[in-house]
Amino acid sequence: AAAVMVSVAYGAALVIEQTVALLNSLSPQRSDLAFLHSVEVAAIAPLAQSQHLEQVANRGFSDQEAEEALRLARAVKLNLAVPSSELNEPVVFSPYVWGTKHLSLAKFLSELPPNERDALLGMSEQVLATPGLHISRLTAAPGIVSSAQRYGLIQSATVQSGTGASSTYVFSPLLEAEDDQCTTTEAFHLRKLFVAHILFGHEKAKSGYGTIHSPAVLVNSLVNRGQVGPATNIGTDYHLLEAAGVVSVESDGRDRAFLRLVKPEIAKAGLEWIRRITDPTGTESLKLARRPSKFVSVPSGITR
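Residues numbered from 1 in each chain as written. Predicted model: local features only at pLDDT ≥ 70, side-chain atom pairs only at ≥ 80, totals over all residues. Heavy atoms only, no water.

K.L.:
In this structure, what is going on with the environment of Ala148? I would like to understand it.
P.N.:
Tracing the chain through its elements places Ala148 in helix 8 (residues 142-150). Residue Ala148 is classed as buried on the basis of its relative accessible area of 0%. Between the alpha carbons of Ala148 and Leu105 there is a distance of 9.5 Å; along the sequence they are 43 residues apart. Those residues in contact with Ala148, other than ones at most four positions away along the chain, are Leu120, Met123, Leu153 and Ile154. (Helix = DSSP H or I, 4+ residues; strand = E, 2+ residues; numbered from the N terminus. Buried < 20%, exposed > 50% of the residue type's maximum accessible area, 1.4 Å probe, protein only. Contact = heavy atoms within 4.5 Å.)

What follows is the structure, encoded as structure tokens:
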């Protein structure tokens, strides 16, 4: 009954807001909340057990509450703990995020000063909450970002335009589990590369030469029609994605080009992320009387 009432009352809210409202309606105990924080910390990064417990305690819980939370999370296998001879204590991690990289990453994090480790964990949490975030929007210092990329705490995809512009977008390793469900091999994280190029077309493409107004609508049209365009920016901004075999760029015989879809499974899989990134409320589609299918370009007759 509580779930139904919350769903009705928060029908237009984000899923996460509905979930929190439902949780609050059930009057959770401190032990319940500590359990959720332990699961979240394990998803953010693999840590030595003592450091995992410290992170949970830093969120406002006692040492005893943190230990009980970890015990419960391990009991239901949302968190795993494996021995580490190098750290001389277990490493706690989420098996749904970190796979086999947990030991090396936990060792790296354990050797950092506490303030640097906290900065890295904060950045990992930021990327986990906002996949496809432009790298310039990360709150950590550039050196910390480089370390996070090098050790696999975050992943990235870079777009290089023929105009000389370049942008990098970052993702959480949590998305690897979704990659594995694609029907094609994701050896080079093609979905991340595709999403990064669409976000570049939306945020960084050269104004007046064909920018993407609504990424989700554009990709939906690309999937349904097999092509979008023409636009000048298509001829300059998608060469890396073309080289990866996801799309082809075909000239219209003048100074513009069409973007044709070669691997629809990648675009279909990327569409879910794009909707999550650019329209987290899920309301944008409700505002569309018509579904645009082309890049916005300057009117004919204007010299470009």
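K.L.:
Quick question: what am I supposed to make of the pattern of salt bridges here?
P.N.:
Within this structure, the stated rule accounts for eight salt bridges. With a shortest N-O distance of 2.7 Å, Glu111 and Lys107 are connected by a salt bridge. When its relative accessible area of 54% is taken as the criterion, Glu111 is described as exposed. Across the pair Asp252 and Arg256 runs a salt bridge whose closest N-O atoms are separated by 3.8 Å. Accessibility expressed as a relative area gives 21% for Asp252, which makes it partly exposed. Connected via shared salt-bridge partners are Glu40, Arg59 and Glu125. (Salt bridge = Lys/Arg side-chain N within 4 Å of Asp/Glu carboxyl O.)

K.L.:
Help me understand the packing of helix 3 (residues 30-44) against helix 4 (residues 49-57), please; the structure alone is not making it clear to me.
P.N.:
Relative orientation and spacing of two packed helices are given, respectively, by the angle between their axes and the distance between those axes. Interhelical geometry of helix 3 versus helix 4 gives an angle of 130° and a closest axis separation of 9 Å. On the basis of the axis angle, helix 3 is oblique to helix 4. For helix 3 against helix 4, the interelement crossing comes out right-handed. Counting all contacts with helix 3, which are made through Ala34, His37, Ser38, Val41 and Ala42, the residues of helix 4 involved are His52, Gln55 and Val56. A per-class count over the contact of helix 3 with helix 4 returns four nonpolar, four polar and no charged. (Axes fitted to C-alpha atoms, helices over the stretch in contact; angles between N-to-C directions. Parallel < 35°, antiparallel > 145°, perpendicular 65-115°, else oblique. Left-handed = near helix turned anticlockwise from the far one by under 90°. Nonpolar A, V, L, I, M, F, W, Y, C, P; charged D, E, K, R; others polar.)

K.L.:
Please clarify how the sheet that holds strand 5 (residues 155-160) should be interpreted in this entry.
P.N.:
The strand order across the open sheet built from three strands is 4-6-5, with neighbouring strands paired in antiparallel fashion. Looking at strand neighbours, the two that pair on one side only are strand 4 (133-134) and strand 5, the edges of this open sheet. The pairing of strand 4 with strand 6 (residues 166-171) spans two bridges and is antiparallel. If you follow Leu133 over to strand 6, its bridge partner there is Val170. (Pairing = 2+ DSSP bridges.)

K.L.:
I keep staring at the packing of helix 10 (residues 190-203) against helix 11 (residues 215-225) and nothing clicks. Help me out?
P.N.:
Where helix 10 contacts helix 11, the two axes come as close as 10 Å, and the packing angle between them is 125°. If you check the angle between helix 10 and helix 11, you find them oblique. Like other packed secondary-structure pairs, helix 10 and helix 11 cross with a definite hand, here right-handed. Residues Phe194, Ile198 and His202 of helix 10 pack against Pro215, Val219 and Leu222 of helix 11. In terms of residue class, the contact of helix 10 with helix 11 is built from five nonpolar, one polar and no charged.

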